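Working through the structure, step by step
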Amino acid sequence: MKKDLLNLNDITRDDLEKIFALAADLKKNRATADYKPLAGKSIGMIFAKSSTRTRVSFEVGIYELGGNALYLDQSKMQVGRGETVADTANVLSRYLHGIVIRTFSHADVQELARVATIPVVNALTDEYHPCQILADLLTVKEYSGRIEGVKMVFAGDGSSNICNSLMLAAKLTGMHLTVAAPEEYRPRKDLMSEFVTWETDPVRAAENADYLYTDVYVSMGFEDESRERLRILKPYEVSAKMMAAAKKNAKFLHCLPAHRGEEVAAEVMDSPASIVFDQAENRLHVQKAVLGLIFEGLKK
Ligand code: CP
Ligand code: NVA
């Protein structure tokens, strides 16, 4: 694995297979695993945005790998008062062994990784959320036994960090991704590939789908656009009608947090087809595997 994980372009197919194998092993043997690649190491976790899953799964995961996690609220750091990202990267590289960061600007994370001499893992930016999508792919593999050729439909905000990351995942794995989104929130042109289709009709998009996936309509940092987003994206709510258009055993995915009655109907979110908590659990196992492989790679 490369030193840094900023988006899924940093992952090869070979890396992905190794992540899945290690994650599956750590998941199965969680209570007994004696795998401590972070023993004696401290990982700083810089958060400029709210988090439930990412913060907790990384903190617990780092602990279970033998390391020490430091939660760093970005608004309380000097970077919030004008210290440069590069100076911050230089200083933190002298204390820490790795950085996990959730912030707004993806360019800031690229700059941090460029200057830091220690690994940097993106825990969400406005543009990408690679750790989430690795957990999603593991979940698909667990349920379908494969990823290549599976049809996933992402409905809603086609311009979100989740959709951007799913588009990279489709190219990486050969999964077929259909993005059901309106023109205003259409998927990014530069991320389109032969594995991605854009469709404006949500029910037509859902036809023959193995998985229906959605994300909030108002991502963190976009609160000023709430009214407009909720109005324009309303027809893309993952509804029982959409689920009925999909394959008989289709599953529902959501990165969470969910807003019932906005991007997903409560009857879908709370139905047996919903595997969102398996998906959330896999964040822990996949991130442990990612950190383990990054730190094993540094030893070589
Ligand atoms: N899915 C996800 O990243 O959740 P949090 O925002 O709670 O970390
Ligand atoms: N697109 C959402 C994902 C939350 C995990 C956001 O950025 O707020």
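Residues numbered from 1 in each chain as written. Chains lettered and ligands numbered in written order. Predicted model: local features only at pLDDT ≥ 70, side-chain atom pairs only at ≥ 80, totals over all residues. Heavy atoms only, no water.

All right, on to the site of ligand 1 then. Taken together, Ser51, Thr52, Arg53, Thr54, Arg102, His129, Gln132, Cys255, Leu256 and Arg283 are the residues near ligand 1. In the model, an oxygen atom of ligand 1 is placed 2.6 Å from a nitrogen or oxygen of the Ser51 side chain. Within the contact set of ligand 1, an oxygen atom lies 2.8 Å away from a side-chain nitrogen or oxygen of Arg102. Coverage of ligand 1 by the protein amounts to 95% of the 250 Å² it exposes when considered alone. In a pocket analysis with a 2 Å cut-off to the grid points, ligand 1 is assigned to the largest pocket. When the residues that make up the shell around ligand 1 are grouped by side-chain class, the tally is two nonpolar, five polar and three charged. (Near = heavy atom within 4 Å. Polar contact = N/O pair within 3.5 Å; in protein donor to acceptor, adjacent residues only side chain to side chain. Areas by Shrake-Rupley, 256 points an atom, 1.4 Å probe, with all protein chains shown as cover. 1 Å grid on protein atoms, 1.4 Å probe; cavity = no way out; pocket = protein on both sides within 12 Å on 5 of 7 lines; lining within 4 Å. Sits in = over half its atoms within 2 Å of the grid points. Nonpolar A, V, L, I, M, F, W, Y, C, P; charged D, E, K, R; others polar.)

Bringing the site of ligand 2 into the picture now. Lining the immediate surroundings of ligand 2 are Leu124, Asn161, Asp215, Val216, Ser219, Met220 and Leu256. Ser219 is positioned such that a nitrogen or oxygen atom in its side chain is 2.7 Å from a nitrogen atom of ligand 2. Separating an oxygen atom of ligand 2 from a backbone N or O atom of Met220 is a distance of 2.8 Å. Relative to its free-state accessible area of 270 Å², ligand 2 is covered by the protein chains to the extent of 95%. Cavity membership is defined here by more than half of the atoms lying within 2 Å of grid points; on that basis ligand 2 lies in the largest pocket. By residue class, the composition of the shell around ligand 2 is four nonpolar, two polar and one charged.

This brings us to the sheet that holds strand E7 (residues 196-199). Pairing is parallel across the open sheet formed by five strands, whose spatial order is E7-E6-E5-E8-E9. The open sheet is flanked by E7 and strand E9 (251-254), the only strands paired with a single partner. Recorded for the sheet is a direction-independent mean angle of 25° between the axes of neighbouring strands. Contacting strand E5 (151-155), strand E8 (211-214) and E9, helix H5 (residues 130-144) runs over the sheet at an angle of about 160° to E8. Of the strands in this sheet, E8 and E9 are in contact with helix H11 (residues 276-299), which crosses E9 at around 45°. (Pairing = 2+ DSSP bridges. Helix = DSSP H or I, 4+ residues; strand = E, 2+ residues; numbered from the N terminus. Axes fitted to C-alpha atoms, helices over the stretch in contact; angles between N-to-C directions. Contact = heavy atoms within 4.5 Å.)

For the rest of this paragraph, the subject is the layout of surface pockets. Of the volumes computed, that of the largest pocket is approximately 430 Å³. In terms of lining residues, the largest pocket is bounded by 28 residues, among which Leu124, Asp215, Val216, Met220 and Pro257 are the most central. At the level of secondary structure, the elements contributing two or more residues to the lining of the largest pocket comprise helix H2 (53-64) and helix H6 (161-173). Of the residues assigned to the lining of the largest pocket, the class counts are nine nonpolar, eleven polar and eight charged. (Points joined across faces, edges and corners; volume = space filled by probe spheres on them.)

Moving on, we come to the sheet that holds strand E2 (residues 68-73). With respect to topology, four strands assemble into an open sheet ordered E2-E1-E3-E4, the strand pairing being parallel. Every interior strand has two partners, whereas the edge strands, E2 and strand E4 (120-122), have only one. The mean angle between the axes of side-by-side strands here comes to 20°, regardless of whether they run parallel or antiparallel. By the bridge criterion, six bridges tie strand E1 (residues 42-47) to E2 in an arrangement that is parallel. Its bridge partner being in E2, Ile46 is matched across the sheet by Leu72. Against the sheet, H2 touches E1, E2, strand E3 (98-102) and E4, its axis set at about 175° to E1.

In short, geometric facts, not functional conclusions.
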